[in-house]
Amino acid sequence: MSAKAPITQDVMTIPRKLPEGPINLVGLTRAQMREVLIENGTPEKQAKMRVGQIWQWIYQWGVRDFAEMTNLAKTYRADLAEKFVIEIPEVVSRQVSEDGTRKYLVRIAGGHEVEVVYIPEEGRGTLCVSSQVGCTLTCSFCHTGTQKLVRNLTSAEIVGQIMMARDDLEEWPVPGEPKDETRLLSNIVLMGMGEPLYNFDNVRDAMKIAMDPEGISLSRRRITLSTSGVVPEIARTAEEIGCLLAISFHATTDETRDILVPINKRWKIKELLQALADYPRASNSERITFEYVMLEGVNDTKEDAHRLIELIKEYNIPAKINLIPFNEWPGAPYKRSSGNRIHAFADIIYKAGYASPIRTPRGEDIMAACGQLKSATERARKSRKQIEAEAGL
Ligand code: SAH
Ligand code: SF4
């Protein structure tokens with residue numbers, strides 16, 4: 001990346017309603033679903049009830065076929081099937097790491113592909129969801145940031161990643177059977193490809209659907225949105241989504257952060273910290289997670305650790321600091337800090353009274369770790385091409 005790289009959010013969004021063909025009901029808010037049902041002939045007086053019924057079938061039971069919606073009249077079901085579809089992204093490949101991490105490559109409209117990662121842990125399971133194809137930002141340590149092609153995902157494509165994972169984990173409840181309280185997919189992190197706050201409306205709608213108590217029903221405290229620091233959207237996140245927030249902080253001076261996270265040139269560290277200081281109050285949520293990628297010789301000194309604490313204290317932010325050992329990718333301009341360095345950094349933070357967990361890289365063998373998404377896709381493409389060339393196709 002170049003330090004002068006422009007900061008843009010010039011991305012295309014596919015319209016929800018295509019001019020022809022059936023409308024996808026996935027990803028619509030309750031109000032939007034009501035609207036399209038009425039537009040397509042559902043009597044206005046019945047619309048709210050119909051939304052409730054269809055919503056439960058789609059999001060509570062995981063049904064994709066109108067014929068299975070047995071509490072609706074047969075003729076109405078047939079009518080729905082003519083005008084609507086229930087569609088989620090298609091799984092192109094699925095890899096399972098030695099440590100149980102699953103990485104999915106899914107295809108979305110236009111033939112684009114994004115990656116979704118499922119990370120099983122003791123007593124919980126986290127799905128790392130993508131919000132864009134690629135990313136318009138150009139953080140110098142992140143492989144997704146080197147991808148040229150960018151498009152915003154629709155809310156259907158975002159919530160569809162969660163539905164796809166529930167399919168694969170076989171986690172939809174069966175009607176009549178007791179609900180399993182120990183969920184395999186219990187947490188969502190918006191830490192896949194893309195900057196979620198540059199696709200605000202779709203991310204918000206998708207997360208609202210995931211939180212809806214009559215559906216996937218994930219608590220807002222089990223959803224974490226990670227941002228590189230789109231300051232004006234932070235307060236909106238608190239108001240309109242209310243989930244937990246993680247901030248890709250990564251540096252303690254504007255000089256270094258300008259290079260690592262170029263959006264810092266637009267909104268400086270102090271502006272960012274002020275927005276973060278206001279966040280927990282606004283959203284009534286818990287601590288903010290500071291993500292800090294450990295790059296050898298760049299941001300990993302003891303002075304950095306002390307400065308980080310000073311900044312967080314100055315703004316009185318309830319924080320936890322997540323140290324991420326840098327995950328390398330082909331051609332990356334940085335190296336991972338040594339274990340000693342990372343532990344010394346963590347120690348300083350811990351002694352200052354903040355939790356400082358060191359994130360264990362997961363799924364490295366399948367290139368599923370933080371910041372590695374994209375490379376695997378491209379590699380897979382290359383090798384497919386190579387295979388074809390070798391086979392003389
Ligand atoms: N765009 C959002 C969310 C996606 S990135 C954001 O930047 O916050 C998710 C996390 O992975 C971010 O904290 C990001 O800084 C970190 N990350 C990116 N590349 C990485 C790499 N190569 N090694 C370790 N962490 C990385
Ligand atoms: Fe985009 Fe986040 Fe990667 Fe930066 S770290 S390039 S914001 S995905």
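Quick note: structure is the one above.
The sections below set out a description of the structure shown in this document. None of these values were measured; they are calculated from a predicted model. (Residues numbered from 1 in each chain as written. Chains lettered and ligands numbered in written order. Predicted model: local features only at pLDDT ≥ 70, side-chain atom pairs only at ≥ 80, totals over all residues. Heavy atoms only, no water.)

1. Comments concerning the pattern of salt bridges
Then, number 1: The tally for this structure, following the rule as stated, stands at 25 salt bridges.
Then, number 2: For E214, the salt bridge identified is with R30, shortest N-O distance 3.8 Å. Here E214 is found in the loop between α5 (200-211) and β10 (223-227), whereas its partner R30 is found in helix α1 (residues 30-39), with 184 residues between them in sequence.
Then, number 3: Relative accessible area serves as the criterion here: at 29%, R30 is assigned to the partly exposed category.
Then, number 4: Taking the shortest distance from any N to any O, the salt bridge between D347 and K351 comes out at 3.2 Å. Remark: K351 and D347 occur in helix α10 (residues 339-351); sequence separation between them is four residues, near one turn of the helix.
Then, number 5: The exposure class assigned to D347 is partly exposed, which follows from its relative accessible area of 38%.
Then, number 6: Overall, the relative accessible area of 67% leaves K351 in the exposed class.
Then, number 7: Members of the salt-bridge network, linked through shared partners, are D201, R204, D205, E233, R236 and E240. (Salt bridge = Lys/Arg side-chain N within 4 Å of Asp/Glu carboxyl O. Helix = DSSP H or I, 4+ residues; strand = E, 2+ residues; numbered from the N terminus. Buried < 20%, exposed > 50% of the residue type's maximum accessible area, 1.4 Å probe, protein only.)

2. What to know about the site of ligand 2
Then, number 1: Close to ligand 2 lie C135, L137, C139, C142, G145, G194, E195 and S228.
Then, number 2: Within the shell around ligand 2, the residues separate by chemical class into four nonpolar, three polar and one charged. (Near = heavy atom within 4 Å. Nonpolar A, V, L, I, M, F, W, Y, C, P; charged D, E, K, R; others polar.)

3. Re the sheet that holds strand β4 (residues 102-107)
Then, number 1: Pairing is mixed in the open sheet, where nine strands are placed in the order β3-β4-β5-β6-β9-β10-β11-β12-β13. Since the sheet does not close on itself, it has two edges, and those belong to β3 (90-96) and β13 (319-325), each with one partner. Shown here is a sheet whose adjacent strand axes are inclined to one another by a mean of 20°, direction ignored.
Then, number 2: Together, β3, β4, β5 (113-121), β6 (124-128) and β9 (187-190) form the strand contacts of helix α4 (residues 155-168), whose direction differs from that of β4 by roughly 125°.
Then, number 3: Sheet contacts for α10: β12 (288-294) and β13; angle to β13, the most-contacted strand, approximately 180°. (Pairing = 2+ DSSP bridges. Axes fitted to C-alpha atoms, helices over the stretch in contact; angles between N-to-C directions. Contact = heavy atoms within 4.5 Å.)

Shape descriptors only; they carry no functional weight alone.
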